[in-house]
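Here are the chains, one letter per residue:
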Amino acid sequence: MAVGSIRLIDRMYPPGVQRLLQVVMLIALAVFAVVMALILTQPEWGLRILWFAAIPVAPMVLLVAPNAWVSVCPISTFQTALHRFGKNPARRLSAKATERLQVAGWVLMLAGIPTRHLVFNSIGWATFFTALAILGVVVVVGLSVRSLSGWCVGACPIRPIEVLYGQFALDKNRPEKCTNCTACIKSCLRLQPQKSHDELHRSPLTAHLAMGFPGFVAAYFALDLLNWCNVEHEFFAGSASSVANWYVQTGIVYGVMFAGFAISWALFAAVRPLWGATKTYRAVALAAFSAYYLGVAPDLCEAWGWPNWVIPILLILPAAAMAWVLWAARRDSAPPDRVQEVGPAAG
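**Details of the packing of aromatic side chains**
Phase 1 of the analysis: All chains considered together, the criterion is met by 15 aromatic pairs.
Phase 2 of the analysis: Each ring, one from Phe216 and one from Phe261, has its centre 6.5 Å from the other, and the planes form 90°; the classification is edge-to-face. One end of the pair, Phe216, is in helix H11 (residues 204-225); the other, Phe261, is in helix H13 (residues 246-275), with 45 residues separating them in the sequence.
Phase 3 of the analysis: Judged by centre distance (6.4 Å) and plane angle (25°), the rings of Trp304 and Trp306 are stacked.
Phase 4 of the analysis: Here Trp304 falls in the partly exposed class, since its relative accessible area comes to 26%.
Phase 5 of the analysis: By relative accessible area, Trp306 is classed as partly exposed at 38%.
Phase 6 of the analysis: Grouped by ring-pair contacts, the aromatic residues Tyr165, Tyr220, Phe221, Phe289, Tyr292 and Tyr293 constitute a single cluster.
Phase 7 of the analysis: Positioned over the ring face of Trp275 is Lys279, at 5.6 Å from the centre of the ring.

Here you go:
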């Protein structure tokens, strides 16, 4: 039987960049440990640093260089910790199992984000022990299946944002943790993050979930703007919660956010036949990115006690990142892939 030659994309970071990413990875681990300790012992500072200093940086990194994020992410570092010492499990998940886990990641993200308003922005012990539970799951997954499969490229609730923003990736090198690729899953977006929209083309369900995401994000911040959820504001102000009925408050938060989801889904579903799927999914990513930073900038000012005139300054970096990736997309100036032929064709 004839076997064709295999073409591999060589997109490894140079050795010097790999060493730099390893240093940043260790720094990120140390910062993660310190922040988790603060969240447990001094939640008013730990939560402020986590949600209003560290997390707001993430979307910009994910937009420009999602694989650099994976390279230094503390959670993925826990998953692959023993792999660096030759303890990488042989088991590979099937394509179907991976797809199901990826859908679970979308569901976890959509179910989890509203809980920030209700719990994780203001209750330190809940945030700490939830993070601890996630780390436990990640370690077990890392000991059970190969490389980043199962969690990082499976059920991780941050991965859907990587899928959306990765469409504009300027850094197309695979993660430092994947320098020696083990083919842990089929159709890995880590190899070509700029083609992450392929997942949305392939899975109608995740495409529908993605189209609702910008409105979901906008509604999260609308709750702040309309003063329909003041839990974290009262926490940072040092006052007791004024919530009289937590069931009603939970219903308001989830109801408003999924109403925003429905509006967003309807709008993008309407324009998709006109714009085409790929252009629509890119617009979805940019709309979600814009909604996040327009919403989080006032929250940053409130959390750190800054005057409102700082808001435009805070928007400079996100605007520059978005302009950069749009300019690069228009120019299409990425260098051609370096292609390596592996094995001759046999007849």
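**Some remarks on empty space enclosed by the protein**
Phase 1 of the analysis: Overall, the coordinates contain 1 cavity of 30 Å³ or more when judged by the stated rule.
Phase 2 of the analysis: Roughly 50 Å³ of internal volume is contained in the largest cavity.
Phase 3 of the analysis: Lining the largest cavity we find Phe52, Glu232, His233, Phe236, Asp299, Glu302 and Ala303.
Phase 4 of the analysis: Listed by contribution, the elements that provide at least two residues to the lining of the largest cavity are helix H12 (231-237) and helix H14 (277-304).
Phase 5 of the analysis: Its residues assigned to classes, the lining of the largest cavity shows 3 nonpolar, 1 polar and 3 charged.

**A word on the confidence of the model for the chain**
Phase 1 of the analysis: Looking at the chain as a whole, the pLDDT averages 89, with 93% of positions reaching at least 70.
Phase 2 of the analysis: Counted against residues more than four places away or in other chains, residues 1-8, with its pLDDT under 50, gives 18 contacts.
Phase 3 of the analysis: Throughout residues 333-347 the model reports pLDDT below 50, and contacts reaching past four residues in sequence, or to other chains, amount to 25 contacts.

**Observations regarding the side chain of Asp171**
Phase 1 of the analysis: Topologically, Asp171 is positioned in the loop between helix H9 (159-165) and helix H10 (198-202).
Phase 2 of the analysis: The side chain of Asp171 is buried and forms no salt bridge, while Lys172, the nearest opposite charge, is found at 8.1 Å.
Phase 3 of the analysis: One polar contact links Asp171 to Tyr13, side chain to side chain, over a distance of 2.3 Å.
Phase 4 of the analysis: Setting aside residues up to four positions removed in sequence, Asp171 forms contacts with Tyr13, Val64, Ala65, Ala68 and Pro193.

**Examining unusual backbone geometry**
Phase 1 of the analysis: The phi dihedral of Ser147 is positive, around 50°, even though this residue is not glycine.
Phase 2 of the analysis: In this fold, Ser147 is placed in the loop between helix H7 (124-144) and helix H8 (151-155).
Phase 3 of the analysis: By relative accessible area, Ser147 is classed as buried at 11%.
Phase 4 of the analysis: The backbone of Asn227 sits at a positive phi, close to 55°, despite the residue not being glycine.
Phase 5 of the analysis: For Asn227, the location among the structural elements is in the loop between H11 and H12.

Conventions we followed
Residues numbered from 1 in each chain as written. Predicted model: local features only at pLDDT ≥ 70, side-chain atom pairs only at ≥ 80, totals over all residues. Heavy atoms only, no water. Phe/Tyr/Trp six-rings, centres within 6.5 Å; stacked < 30°, edge-to-face > 60°. Helix = DSSP H or I, 4+ residues; strand = E, 2+ residues; numbered from the N terminus. Buried < 20%, exposed > 50% of the residue type's maximum accessible area, 1.4 Å probe, protein only. Lys NZ or Arg CZ within 6 Å of the ring centre and 35° of its normal. 1 Å grid on protein atoms, 1.4 Å probe; cavity = no way out; pocket = protein on both sides within 12 Å on 5 of 7 lines; lining within 4 Å. Points joined across faces, edges and corners; volume = space filled by probe spheres on them. Nonpolar A, V, L, I, M, F, W, Y, C, P; charged D, E, K, R; others polar. pLDDT = per-residue confidence, 0-100. Contact = heavy atoms within 4.5 Å. Lys, Arg positive; Asp, Glu negative; His and termini not counted. Salt bridge = Lys/Arg side-chain N within 4 Å of Asp/Glu carboxyl O. Polar contact = N/O pair within 3.5 Å; in protein donor to acceptor, adjacent residues only side chain to side chain.

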